[in-house]
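One-letter residues, chain by chain:
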Amino acid sequence: MSKQLLSPFPLLLIFLHFITISAQSPAQAPAQAPTTPIFPPPAPPAAPLLAPLALAPTTNSPNIYTILKKASQFSTFLQLLKITQVGDQINIQLSKNQRLTVFAPPDNAFGNLKSGTLNKLTDQQQSELMQFHVLTSFFSGSQFQTVSNPLPTEAGSGGRFPLNVTTSGNSVNITTGVVNATVTHTIYSDNQLAVYQVDKVLLTYDIFGPPTPAAAPAPLKPLKPKKKAPSSDADADADADAPSELESSQESAPVLPSGAIDGIHSI
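Residues numbered from 1 in each chain as written. Predicted model: local features only at pLDDT ≥ 70, side-chain atom pairs only at ≥ 80, totals over all residues. Heavy atoms only, no water.

- With an unreviewed UniProt entry as reference, the protein chain is termed FAS1 domain-containing protein, source organism Nyssa sinensis.
- Note on the protein chain: under the UniProt heading Sequence similarities (unreviewed entry), the record states "Belongs to the fasciclin-like AGP family."
- Turning to the protein chain, the UniProt record has this under Subcellular location (unreviewed entry): "Cell membrane". (UniProt positions renumbered as here; feature names shortened; annotations may be inferred.)

Shown next, in the form of structure tokens:
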């Protein structure tokens, strides 16, 4: 029995036909992912202005000496508060529930002063300088944005001790008329006392400002020549009635009799 061989030609035709049909049929597009609206990411929350740091308030009335000692790097300011007894005054006011704000310069701020700046001050001026760093009210960081300048200090208010505070973003700036300082951070805050670190010593204009120039002397007035007072009419009439010197001499001379004269010539 003879084997019948199959020709490969029909198989080739079937393969080519399948390829043609596959090429003509459009490819199915891939499924698209559903579009979702894109929203901008939320802005990070704004940092609070001068947020309090690690030092927590105590149950008793705050003590300015204890606060500055714990904070460190305020030994010069702390020493001046003790010498002038302004620190004692602050603690007494705090014990009476008075609310205060203190600007504390660190030791490097005092080191940046000219040599002998503090030694030239009198005891009263040193006391006023320390009092100038104490506000008579409590101010949180956000309250500095709405203050009315100038701010009253323990040293006084008005023209002698002007202290102005301005804010720019989260920055708090202090102007004294002599220096421009910046509040760097909060040292302590408990809604009764706020202690802020400043980068410069707050020099008062009354003590460290330019000396007031002496008043110029008033110009001398030119001397006017004296005028002879005119005589009155009564004086003029009296002068007219008064006899002349010749008439007075004649009237005062003795009157000799006429015969006497003849007798002299006859001798």
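Still to come is the rest of the account.
## A word on the overall build of the protein chain
- Scanning the protein chain from terminus to terminus reveals 10 helices and 6 strands.
- Expressed as a percentage of its 267 residues, the buried residues of the protein chain come to 29%.
- Here the analysis covers contacts within the protein chain between residues at least 6 apart in sequence; of these, 66% occur between residues at least 24 apart.
- Here the protein chain displays about 19300 Å² of accessible surface, and carbon together with sulfur accounts for 59% of that area. (Helix = DSSP H or I, 4+ residues; strand = E, 2+ residues; numbered from the N terminus. Buried < 20%, exposed > 50% of the residue type's maximum accessible area, 1.4 Å probe, protein only. Contact = heavy atoms within 4.5 Å. Areas by Shrake-Rupley, 256 points an atom, 1.4 Å probe, with all protein chains shown as cover.)

## Digging into the nonpolar core
- Counting residues in each nonpolar core, the largest one holds 31 residues, and the members touching the most others are Leu 68 and Val 195.
- Excluding residues within four positions of it along the chain, Val 195 makes contact with Ile 64, Ile 67, Leu 68, Val 102, Ala 104, Thr 186, Ile 187 and Tyr 188. (Core = buried A, V, L, I, M, F, W, Y, C linked by side-chain atoms within 4.5 Å.)

## Details of the sheet that holds strand 6 (residues 193-198)
- One open sheet holds the 6 strands; their spatial order is 2-1-6-5-4-3, and the pairing between them is mixed. Taken across any chain shown, the strands that pair with only one partner, and hence form the sheet edges, are strand 2 (134-135) and strand 3 (164-168).
- Pairing of strand 1 (residues 100-104) with strand 2, which is carried by 2 bridges, proceeds in the antiparallel orientation. Note on strand 2: the bridge partner recorded for Thr 101 is Leu 135.
- Docked against the sheet, helix 2 (residues 64-71) engages strand 1, strand 5 (180-189) and strand 6, running at close to 40° with respect to strand 6. (Pairing = 2+ DSSP bridges. Axes fitted to C-alpha atoms, helices over the stretch in contact; angles between N-to-C directions.)

## So, the packing of aromatic side chains
- If you walk through the whole model with that rule in mind, you get 5 aromatic pairs.
- On the basis of an interplanar angle of 65° and a centroid distance of 5.6 Å, the ring pair of Phe 144 and Tyr 196 is categorised as edge-to-face. In this pair, Phe 144 is assigned in the loop between strand 2 and strand 3 and Tyr 196 in strand 6, connecting sequence segments 52 residues apart.
- Residue classification places Phe 144 among the buried residues on the basis of a relative accessible area of 1%.
- Ring pairing ties together the aromatic residues Phe 103, Phe 139, Phe 144 and Tyr 196, which thus form one cluster.
- Lys 82 extends its terminal NZ or CZ atom over the ring of Tyr 65, reaching a point 5.6 Å from the ring centre. (Phe/Tyr/Trp six-rings, centres within 6.5 Å; stacked < 30°, edge-to-face > 60°. Lys NZ or Arg CZ within 6 Å of the ring centre and 35° of its normal.)

## Some thoughts on the pairing of strand 1
- By the criterion of burial, strand 1 is predominantly enclosed, with 5 of the 5 residues buried.
- By the alternation rule, side chains of strand 1 split into Leu 100, Val 102 and Ala 104 and Thr 101 and Phe 103, which are all buried.
- Bridge count between strand 1 and strand 6: 5 bridges; the pairing is parallel. Across the sheet, residue Ala 104 finds its bridge partner in strand 6, namely Gln 197.

## Quick look at the packing of helix 3 (residues 75-84) against helix 6 (residues 123-131)
- At a minimum axis separation of 10 Å, helix 3 and helix 6 run at an interaxial angle of 125°. The pairing of helix 3 with helix 6 is recorded here as oblique in orientation. Every pair of crossing elements has a handedness; the one defined by helix 3 and helix 6 is left-handed. Across from Phe 77, Leu 80, Leu 81, Ile 83 and Thr 84 in helix 3, the residues of helix 6 making contact are Gln 126, Ser 127 and Met 130.
- Its residues assigned to classes, the contact of helix 3 with helix 6 shows 5 nonpolar, 3 polar and no charged. (Parallel < 35°, antiparallel > 145°, perpendicular 65-115°, else oblique. Left-handed = near helix turned anticlockwise from the far one by under 90°. Nonpolar A, V, L, I, M, F, W, Y, C, P; charged D, E, K, R; others polar.)

## Considerations on the packing of helix 2 against helix 3
- The contact between helix 2 and helix 3 brings their axes to 10 Å, and the two run at 160°. Judged by the inter-axis angle, helix 2 sits roughly antiparallel to helix 3. Our pair here, helix 2 against helix 3, has a crossing hand that is left-handed. Residues Ile 64, Tyr 65, Leu 68 and Lys 69 of helix 2 form the contact with helix 3, whose participating residues are Phe 77, Leu 78, Leu 81 and Lys 82.
- A per-class count over the contact of helix 2 with helix 3 returns 6 nonpolar, no polar and 2 charged.

## With respect to the side chain of Asp 190
- Position of Asp 190 among the secondary structure elements: in the loop between strand 5 and strand 6.
- As a buried residue without a salt bridge, Asp 190 has its nearest oppositely charged side chain in Arg 99, at a separation of 7.5 Å.
- Looking at Asp 190, its side chain comes within polar contact range of the main-chain nitrogen of Gln 192, at 3.0 Å.
- At 2.7 Å, the side chain of Asp 190 and the backbone nitrogen of Leu 193 are in polar contact. (Lys, Arg positive; Asp, Glu negative; His and termini not counted. Salt bridge = Lys/Arg side-chain N within 4 Å of Asp/Glu carboxyl O. Polar contact = N/O pair within 3.5 Å; in protein donor to acceptor, adjacent residues only side chain to side chain.)

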